[in-house]
Amino acid sequence: MKLAATLAALAAALALQTTLTTYVRETATLDFVLIVVVYLSLTSGPVTGVVTGSVAGLIQDALSSGVMGIGALAKTLVGFAAGRVGTQFIVTAPLPRFVVFIGATVLHAAVFMGLYVLLGLREFSAPYADVAGQAVGNAVVGVVGFQVLEWLPVFLARRRMGRPLRR
Amino acid sequence: MALADIKQHPGIVLGVAVVLHVVIISTQVNTATGIPLLRALTFGAFAELQRLVTGGVTGVQDTWNGYVALRGVNDENAALRQQLQDLQIKLQEERALAQRTEDLRQLLELRERAELETTAAEIIAGAASPEFRTVTIDKGTSDRLQTDMAVLSPSGVVGRVILPSIRAAKVQLLIDRNAAAGAVVERSRAQGVVVGVGTAELRMDYVPGTADVKAGDLVVTSGIDGIYPKGFVIGTIDRVERGPGTYHEIRVRPAVDFSRLEEVLVVLTPAAGRAAGEAKDQP
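What comes next concerns the included structure. Keep in mind it's a predicted model, so treat the numbers as computed, not measured.

### Things to note about the interface of chain B and chain A
And then number 1: At the interface, 39 residues of chain B touch 38 residues of chain A.
And then number 2: Elements with a minimum of two residues in the side of chain B that touches chain A: helix H1 (3-7), helix H2 (10-30), helix H3 (37-68), strand E1 (118-125) and strand E5 (169-173) of chain B.
And then number 3: Broken down by element, the residue count for the side of chain B that touches chain A peaks at ten residues, all from H2 of chain B.
And then number 4: Each residue belonging to the side of chain B that touches chain A can be placed in one class, and the counts come to 22 nonpolar, eleven polar and six charged.

Here you go:
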């Protein structure tokens, strides 16, 4: 059940990445797959983070034009790191989550771009502004997504019981 | 080792995953023998998923646009847009033809311009990763698409086919960091190479500092790369700065709005065929 939910979340993120960015240009810099990997890592631990990061990264690499494995390696490391943070620290408030998403995006960019530069495959001239923009965007979407996913079951349960959300 | 035990050792899982990815990366970086099978299979499978998703979205969008919201106006708009696209393509062809004619006139020769065979394709998905500028189109090898075929739009050059599967193909946009095209400044005929920088603009490299170029000049394909046909619009020079070496530093604003692409034309005539057509006309 959990595996199916994980796969469904990754498929939804990929579908969102390849579809929404075509229609809404402002979302072009967001990495929905990375957001899902960080979310699953924080909620399920480093092993889930490594596995989902690997699988999601490989699929994303296959659908992109770069070297297969580089994005996957970056997302694997991010999944592990976020999973570790999730098990070692209490990351339940929006601010710590925001920081984790920011850190995850920066780590992903550093590994991804670093490997490309190291292998002499690509140039990235002054990518700091782009990475910063993507980090903030991913963090905002990630934190809002987290809040919605936590709030939704409570809201539905209260509605079923006929109680208002707040007394 | 049981699943529960594995969960207690995330470091081992990470190590295995990292080794696996390093092996995958190594096999690709060390060998340059075409498209990896794993990539082709994964892309082919997910292209179908993308087609389904886009089909669903397009269906809802079409229903809304065509039947719910301003049905009559939308139909009229679609017709006018189609007419405008046809005219823009005609203009592109005429521009290319005019430039070609001018060249031929200068050479005092009479040659026929090779006709380009094209096929229209719809964009069914955007890039799967924000670091790359690619799109997926709904035509593939079953429609005779091959790697390195040029992709155009009514506004200008879009990119090239980099990974065709049976019913879909991945197109590398000209703004991708790995993309490049042979280019020439239409007014002064200064030659260079237009490269993508991963943002919305392009850079034109290898234009000598002595060449006559200025902001506003139109940049078109030179055809020397063997991918893009000659004379098609790439964009307009946005700014020219003196580079640190002997070359200009030129920024080009693409003619194509890559964020608004919906339909494109793929040039089916291979570069070899175009070259042969031109060679045949040689005296």
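Now that the structure is up, let's keep going.
### Describing helix H2 (residues 32-44) of chain A
All names here are of chain A.
And then number 1: Here H2 spans 18 Å end to end across 13 residues, near enough to the 18 Å set by a 1.5 Å rise per residue.
And then number 2: Burial within H2 is extensive, with eleven of its 13 residues counted as buried.
And then number 3: Turning to H2, its buried residues are Phe32, Val33, Leu34, Ile35, Val36, Val37, Val38, Tyr39, Leu40, Ser41 and Leu42.
And then number 4: Each element contacted by the buried residues of H2 is listed here: helix H1 (2-23), helix H3 (46-63), helix H4 (70-88), helix H5 (94-118) and helix H6 (128-160).
And then number 5: One or two steps after H2, the chain reaches Gly45, where phi turns positive at roughly 105°.

### Examining H1 of chain A
Residue and element names in this part refer to chain A.
And then number 1: Taking 1.5 Å of rise per residue, 22 residues should cover 32 Å, and H1 covers 31 Å from first to last C-alpha, within 8% of that figure.
And then number 2: Considering bend angle alone, the principal kink of H1 is centred on Leu16 and spans about 25°.
And then number 3: Along H1, the residues classified as buried are Ala9, Leu10, Ala13, Leu14, Ala15, Gln17, Thr18, Thr19, Thr21 and Thr22.

### Regarding the sheet that holds strand E12 (residues 263-267) of chain B
Sheet strands pair by backbone hydrogen bonding; their relative direction is either parallel or antiparallel.
Residues and elements named next belong to chain B.
And then number 1: Sheet architecture is closed into a barrel: six strands sit in the order E1-E2-E5-E4-E3-E12, paired in antiparallel fashion. Adjacent strand axes in the sheet meet at a mean angle of 45°, parallel and antiparallel pairs treated alike.
And then number 2: The pairing of strand E3 (residues 150-152) with strand E4 (residues 157-164) spans three bridges and is classified as antiparallel. Bridged to Ala150 within E4 is Arg160.

### Points about the packing of H2 of chain A against H5 of chain A
Residue and element names in this part refer to chain A.
And then number 1: For the pair H2 and H5, the least separation of the axes is 11 Å and the interaxial angle reads 125°. In this view, H2 runs oblique relative to H5, as classed from their interaxial angle. In the crossing of H2 with H5, the sense of the turn from one axis to the other is right-handed. Facing Leu34, Val38 and Leu42 of H2, the residues of H5 in contact are Val100, Phe101, Ala104, Thr105 and His108.
And then number 2: Residues that form the contact of H2 with H5 fall into these classes: six nonpolar, two polar and no charged.

### Comments concerning the sheet that holds strand E11 (residues 248-254) of chain B
And then number 1: Around the barrel, which closes on itself, the six strands sit in the order E6-E7-E8-E11-E10-E9 (chain B) with antiparallel pairing between neighbours. Across the sheet, the axes of successive neighbouring strands diverge by a mean angle of 40°, strand direction being ignored.

### Comments concerning the environment of Phe232 of chain B
All names here are of chain B.
And then number 1: With respect to the helices, strands and loops of the structure, Phe232 is situated in the loop between strand E9 (218-221) and strand E10 (233-242).
And then number 2: Under the C-beta neighbour-count criterion, Phe232 is labelled buried, with 24 such atoms within 10 Å.
And then number 3: Ignoring anything within four residues of it in the chain, the contact list for Phe232 reads Gln92, Ala96, Leu152, Gly156, Val157, Val220 and Thr221.

### Focus: the pairing of strand E2 (residues 134-137) of chain B
Residues and elements named next belong to chain B.
And then number 1: Residues Thr134 and Thr136 of E2 are buried on one face, and the alternating residues Val135 and Ile137, pointing to the opposite face, are buried as well.
And then number 2: Alignment of E1 against E2, held across two bridges, turns out to be antiparallel. Residue pairing in the sheet places Ala125 in a bridge with Thr136 of E2.
And then number 3: Of the strand pairs in this sheet, E2 and E5 are connected by four bridges, and their pairing is antiparallel. Looking across to E5, one finds that Thr134 is bridged to Gln172.

Cut-offs and rules
Residues numbered from 1 in each chain as written. Chains lettered and ligands numbered in written order. Predicted model: local features only at pLDDT ≥ 70, side-chain atom pairs only at ≥ 80, totals over all residues. Contact = placed C-beta atoms within 7 Å. Helix = DSSP H or I, 4+ residues; strand = E, 2+ residues; numbered from the N terminus. Nonpolar A, V, L, I, M, F, W, Y, C, P; charged D, E, K, R; others polar. Expected span 1.5 Å × (residues − 1). Buried ≥ 20, exposed ≤ 12 C-beta atoms within 10 Å, placed from the backbone. Bend = angle between axes of the 7 residues up to and from the residue. Pairing = 2+ DSSP bridges. Axes fitted to C-alpha atoms, helices over the stretch in contact; angles between N-to-C directions. Parallel < 35°, antiparallel > 145°, perpendicular 65-115°, else oblique. Left-handed = near helix turned anticlockwise from the far one by under 90°.

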